[in-house]
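# Structure at a glance
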Amino acid sequence: MDIAGLYNANLNNITTAKNAFDALATAFGQHVEAWQHEVADRLGASHWTGPTSAVAQGRVKDLGGQLRAARQELTFVSKALANAVEQFALAQSHLISALDDARNAKLDVAPDGRITWDNEPASPGFAGSGAETTAVAISNRITAALNEAAHADQEISARLNHLATNASNGTGLNAATVAQDLAAETAREQIPAAGTDPNSVKQWWSGLTPAQQQRFVHDHPDRIGNLDGIPAVARDGANRLTLQQAKLELQAQLDHLGPEPPAKVAGMNGAVSNPAHDEWERRKALLQEQVIGVNAIEKRLMTKVDDKHPPTYLLGFDTKGNGHAIVAVNNPDTADNVSTYVPGTGARLGSIDSDIERSDRMVASANTANVKAGLPRTTSSITWVGYDAPQSITPEAMNDSYARNAGNSLHSFEAGLRATHDGEPSNNTILAHSYGTTTVGYTLRDKGLPVDNVVLIASPGAGVEHARDLGVDPSRVFAAQGDADGISMAPPMNANGLASNFGNNLGDYYGVLQNPDHHLIHGRDPILPGFGAQVIPTDPGTGHSDYWNPGSVSLQAMGEIIAGRK
């Protein structure tokens, strides 16, 4: 497929063929119905019996099945032609748009795709100082449009050739063959269920044409946007649609909350709190907070790309419970280094703005590390609020159920990053803060994660006694804890941990322990030598939320780890 062939393609011819097959299928269907009524049904209602009758009725039944199979095969041809029109029209529109932009930019596109331009500033046809950059971008768009058309041509031709073979050799009259063809048609139109292995999802997605992919994004954004194994660009497109719809729905719910109920109602011993008022206030606060979160994401998505604000991709979104969102700074499918940041207690849709800012800082820190090393490598940092995090220190963060319940989702997401990545495998880091380290530790321990580095910041325990229990190379496990971080005072919640702490404290007091041990709420303190992690340096006075402070040694260390330089 070349530029002229796609540009001049007359899709009306395919539409005409599609309409002809529609008419043929309709007429053939009427013939099948007439056959059933006039022959098969009348024969079945007759009183003809005996061996010859049995043979005749069996033959009529078989012939009826063959007619119905042929009718179904005709509809498959019509469907393939309809898909061809849709797919070629999309590719053609992409090509025309690229050529129009080239013309407006004063670029000349040759029939073979080569692009030239006038470099003389004094010339009326001067294309400008940025012509080369524009030409490269447009050339890539032209190539993508031609590849899109070629993909469609191969896919549609294969389907039509298969159906033509069925018709010529008679296999299309077989019910089993028709069932297989119907299953293939259904598979093309059916989105894999949530929880499907991301590699299978990626294989399904790659088997679709660009037009089919676009249709799924447009028609089912809520399902495509949160499905691991779908590439980042498609998930982002789907979730942007979902985000806008959610914004309207949240505002509508706020508008229909109704008047505020009275705070107090009469009770047996005087006025008491009104449960209806408490629920009204809770609901209003949640909706208002989620609107804040939606607006923050929308603002970040629309922020002009510059050195401090790389392009952003929305990889997951919903408003269930406290709301969830997964936001990537830079495209993880094309980045050399990919880090997933899992925040802890208090993480939810309404508070995601500050977490995205941390991702921006980690990308900048990793870029600095790459520049120092002289490596032109790209980094993506993903804020993963894809789980129901505890919202209070007491009692919620003391409970490990939040970490346990997040395991399947986190494992699937990380597997999806591997499945959709282009080219050589990226250097992947899972980096977590506070209760997020518990979530990450439990998932690594119970399900494993396809990551190269593990970073535990201000951890109350990762559910294991040693770095090697996380299922990754212990030399690639890192931990940090500031000298002013109160997390170090979090007491263990089980008898073994309490007993271990008591014994170690006693031994430390009498000077008989050289490497004192200590357990926190959810396991051994990761910064102690006995855990076996590399300890990240922190600045004096670092508190629980200070690790990402600009210029801090901890932020610098995170960047070096993410960039693969530490």
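Keep in mind it's a predicted model, so treat the numbers as computed, not measured.

### Focus: the overall build of the protein chain
Scanning the protein chain from N- to C-terminus turns up 15 helices and 14 strands. On C-alpha atoms alone, the protein chain measures out to a radius of gyration of 31 Å, which is more than a quarter above the 24 Å that the 2.2 N^0.38 rule sets for 566 residues. C-alpha atoms of the protein chain, sized along the principal axes, occupy 105 × 85 × 55 Å. Within the protein chain, the proportion of its 566 residues that are buried is 44%.

### Points about the packing of aromatic side chains
As enumerated under the stated definition, the model contains six aromatic pairs in all. Aromatic side chains Trp204 and Trp205 sit 5.8 Å apart centroid to centroid with 55 degrees between the ring planes, which places their arrangement in the tilted category. Both residues of the pair, Trp204 and Trp205, count as buried. Measuring from centroid to centroid gives 5.2 Å for Trp204 and Phe216, while their planes differ by 55 degrees, and the two rings are tilted. Pair noted here: Trp204 is in helix α6 (residues 198-206) and Phe216 is in helix α7 (residues 210-219), with a separation of 12 residues, a long-range link. Taking the relative accessible area as the measure of exposure, Phe216 reaches 4% and is therefore buried. Ring pairs connect the aromatic residues Trp204, Trp205 and Phe216, which therefore count as one cluster.

### Concerning unusual backbone geometry
The amide bond that connects Thr394 to the next residue, Pro395, takes the cis arrangement and shows omega of 5 degrees. Residue placement: Pro395 occurs in the loop between β8 (379-385) and α12 (401-420). Backbone geometry places Ser434, a non-glycine residue, at a positive phi of 55 degrees. Tracing the chain through its elements places Ser434 in the loop between β9 (427-433) and α13 (435-446).

### Examining the nonpolar core
Membership of the largest hydrophobic core comes to 55 residues, with the highest contact counts inside it found for Ile297, Phe317 and Val454. For Ile297, the residues in contact, after removing those within four places along its chain, are Leu243, Leu314, Phe317, Ala325, Leu349 and Ile352. Grouped together as the second largest cluster of nonpolar side chains are 22 residues, Leu6, Leu11, Ala84 and Ala145 included.

### Regarding helix α10 (residues 275-302)
The end-to-end C-alpha separation of α10 is 41 Å, in line with the 40 Å expected for 28 residues at 1.5 Å each. A side-chain oxygen of the first residue of α10 lies 3.1 Å from the backbone nitrogen of Ala276; this N-cap is Asn274.

Each value, and the rule that gives it
Residues numbered from 1 in each chain as written. Predicted model: local features only at pLDDT ≥ 70, side-chain atom pairs only at ≥ 80, totals over all residues. Heavy atoms only, no water. Helix = DSSP H or I, 4+ residues; strand = E, 2+ residues; numbered from the N terminus. Rg over C-alpha atoms; globule rule 2.2 N^0.38 Å. Buried < 20%, exposed > 50% of the residue type's maximum accessible area, 1.4 Å probe, protein only. Phe/Tyr/Trp six-rings, centres within 6.5 Å; stacked < 30°, edge-to-face > 60°. Core = buried A, V, L, I, M, F, W, Y, C linked by side-chain atoms within 4.5 Å. Contact = heavy atoms within 4.5 Å. Expected span 1.5 Å × (residues − 1). Polar contact = N/O pair within 3.5 Å; in protein donor to acceptor, adjacent residues only side chain to side chain.

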